[in-house]
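Secondary and tertiary structure notes
Letter by letter, the chains look like this.
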Amino acid sequence: MCFPILVQLISAQLFPSPYKKMKTKFFLFIFILLIQLISSFSCVNSQSDSCSNNLSNLKGISFNTTSLSCFDLWTSRGYVLRYSKTGSDIWSFLLSAPNTKNYIAIGFSEREKMIGSSSMVGWIGNNNIGIAKQYFLAEKRINAVRPDQGNLTLVKNSETVVTQNSRLYLAFQLKTAQQPSTNIIYSIGPDGLLPNSQFQLSQHLDQGNTLINYQTGQAEVISVPYTRLRRGHGSLNMIGWGLCLLIGAMVARYLREKDPLWFYLHACIQVVGFILGVFGILTGLVLEDVLSASVDRHKTIGIFVIIFGCLQVIAFLARPKVDSKFRFYWNIYHWTVGRTMIILAAANVFYGLKLADEHKGWTAGYAVALSILIVTAIGLEIRMRMRK
């Protein structure tokens, strides 16, 4: 919701009037690019599932799904888990998740780790047929995740995947004399990327870990690894790229009459934002390595942002004098690269928060801070135009 507002602010408020024609063409391109980014990032599904649904109309599953215990396994990803002990040694499980043309997975770990665990993975194939397979997670390497292997004893022909109302339902039954492991692991595959013809999985997009009490239905999410590093990465980029850049641009736009104060403030704020942003990107590279995370899109946008930031530093050091005939073209370059960087940085902050699976308060907090800056800029713009 904040992206169109940001585009409107940057387009209508931050560009000086002599360059309106060029500004219109440029921001038409940026607007189209931003819409494409938002549409590609969006994973919002209009259909949802909840424990209040009894799934009486769900077809294609070999066991009764209307009397299962239920809880929200992974709220941010829309995962709902239903389960029940349906025999002396039979446990039934039904995992529900949004269908974004990827795989969904749920497993059982004895050591609170994915390595050495067995998981059930399901997806809808290209021929619109549901596929459910057991995998053994031998090592971190992708080729060490082995299909049709594992320690789970499945009831014959109980594993299946069906789709209904834009959701996937992965169903299976375990045959075990003891209670299944209370340590539930789960993951989600990249959108639009299904396992290959040899059923080899791609690197998961995100994963989690929850302890469950099968008797009470209560669940406790196990702390996400490297939480401090993840939040440090987010905070540095949010403040550096996501806020300081916009504040610096506003200073250059609305404090021109305070010469040379506006120039020093603008330069200092942008330098601080650049430094914080560089450290934020460095922590992100460390996170990608230690978590083996698949964040190529987020990483690519971040690389573009830091490239634009470096170009701005070079432009600052090589800026021509005010009376130079090249100053006009330098101004256009400086404004264009700066505004593009602001838009991409804001979009990537929101996208990064979604990937991080953080509490919604982080997203809301950044949105509020951004909105305050936007409202302030609009007020200053009105004030400046009334003085003319």
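The structure we're discussing is the one just above.
Now for a look at the structure at hand.

Cut-offs and rules
- Residues numbered from 1 in each chain as written.
- Predicted model: local features only at pLDDT ≥ 70, side-chain atom pairs only at ≥ 80, totals over all residues.
- Heavy atoms only, no water.
- Helix = DSSP H or I, 4+ residues; strand = E, 2+ residues; numbered from the N terminus.
- Buried < 20%, exposed > 50% of the residue type's maximum accessible area, 1.4 Å probe, protein only.
- Contact = heavy atoms within 4.5 Å.
- Areas by Shrake-Rupley, 256 points an atom, 1.4 Å probe, with all protein chains shown as cover.
- Phe/Tyr/Trp six-rings, centres within 6.5 Å; stacked < 30°, edge-to-face > 60°.
- Lys NZ or Arg CZ within 6 Å of the ring centre and 35° of its normal.
- Core = buried A, V, L, I, M, F, W, Y, C linked by side-chain atoms within 4.5 Å.
- Disulfide = S-S within 2.5 Å.
- Axes fitted to C-alpha atoms, helices over the stretch in contact; angles between N-to-C directions.
- Parallel < 35°, antiparallel > 145°, perpendicular 65-115°, else oblique.
- Left-handed = near helix turned anticlockwise from the far one by under 90°.
- Nonpolar A, V, L, I, M, F, W, Y, C, P; charged D, E, K, R; others polar.
- Pairing = 2+ DSSP bridges.

So, about the overall build of the protein. Looking only at helices and strands, the protein features seven helices and twelve strands. By the burial criterion, 47% of the 388 residues in the protein qualify as buried. Pairs at least 24 apart in sequence give 64% of the contacts found in the protein among residues at least 6 apart. For the protein, the exposed area adds up to about 20400 Å²; of that, 60% sits on carbon and sulfur atoms.

Before going further, it helps to examine the packing of aromatic side chains. Within the structure shown, the criterion is met by 18 aromatic pairs. Ring centres 6.5 Å apart and planes at 40° place the aromatic pair Phe304 and Phe308 in the tilted group. Linking Phe304 with Phe308, this pair stays in helix α5 (residues 296-317), spanning four residues, or about one helical turn. The exposure class assigned to Phe304 is partly exposed, which follows from its relative accessible area of 45%. Through successive ring pairs, a cluster of aromatic residues spans Phe71, Tyr83, Trp91, Phe93, Phe108, Phe172 and Tyr214. When the ring centre of Phe199 is taken as reference, the NZ or CZ atom of Lys133 above it lies at 4.3 Å. Lying across the ring of Trp262, Arg256 places its NZ or CZ 4.0 Å from the centre.

The nonpolar side chains of a soluble globular protein tend to be buried, and buried together. In this structure, Leu73, Tyr79, Phe93, Ile106 and Leu170 are the most contacted members of the largest nonpolar core, which totals 31 residues. Broken down by secondary-structure element, the contributors of at least two residues to this core are β1 (69-74), β2 (79-85), β3 (90-98), β4 (104-108), β5 (118-124), β9 (167-175), β10 (183-188) and α6 (327-356). Discounting residues that sit within four places of it in the chain, Phe93 has contacts with Phe63, Leu81, Arg82, Tyr83, Phe108, Leu170, Ala171, Phe172, Leu174, Pro180 and Tyr214. Listed in part, the 28 residues of the second largest apolar core include Leu245, Val337, Phe350 and Ala367.

Let's shift gears to the state of the cysteines. By definition, a disulfide links the sulfur atoms of two cysteines through a covalent bond. Applying the stated criterion to the full structure yields one disulfide. One disulfide in the model links Cys51 with Cys70; its S-S distance is 2.1 Å. Its torsion about the S-S bond being -80°, the disulfide of Cys51 and Cys70 is classed as left-handed. On the criterion of sequence distance, the pair formed by Cys51 in the loop between α2 (20-41) and β1 and Cys70 in strand β1 is long-range, its members being 19 residues apart.

So, on to the packing of α5 against α6. Taken N-terminus to C-terminus, the directions of α5 and α6 make an angle of 150°; their axes are 9 Å apart at the nearest point. In this view, α5 runs roughly antiparallel relative to α6, as classed from their interaxial angle. Once α5 is placed against α6, the crossing between them reads as left-handed. Residue composition of the contact of α5 with α6, grouped by class: 15 nonpolar, nine polar and one charged.

Burial of strand β8 (residues 160-164) is extensive: four of the five residues sit out of reach of the surface. Note that β8 and β9 share five bridges and pair antiparallel. The residue of β9 that forms the bridge with Val162 is Tyr169. Between β8 and β9, which pair antiparallel in sequence order, lie two residues; one of them, Asn165, sits at a positive phi of approximately 50°.

To continue, consider the sheet that holds strand β6 (residues 130-137). Taken in spatial order, the seven strands line up as β7-β6-β5-β4-β10-β11-β12 in an open sheet, and their pairing is antiparallel. Each having just a single partner strand, β7 (145-147) and β12 (219-221) make up the two edges of the open sheet. Each strand of the sheet is rotated relative to its neighbour by a mean of 30°, with strand direction disregarded. When β5 meets β6, the two strands line up antiparallel, connected through seven bridges. The residue of β6 that forms the bridge with Met120 is Gln134.

Another point: the sheet that holds β9. With respect to topology, five strands assemble into an open sheet ordered β1-β2-β3-β9-β8, the strand pairing being antiparallel. At either margin of the open sheet sits one strand with a lone partner, and together these are β1 and β8. Recorded for the sheet is a direction-independent mean angle of 20° between the axes of neighbouring strands. Bridge analysis of β1 against β2 gives five bridges, and the strand direction is antiparallel. Paired with Cys70 across the bridge in β2 is Arg82.

Scope: geometric values only; no functional claims are made or implied.
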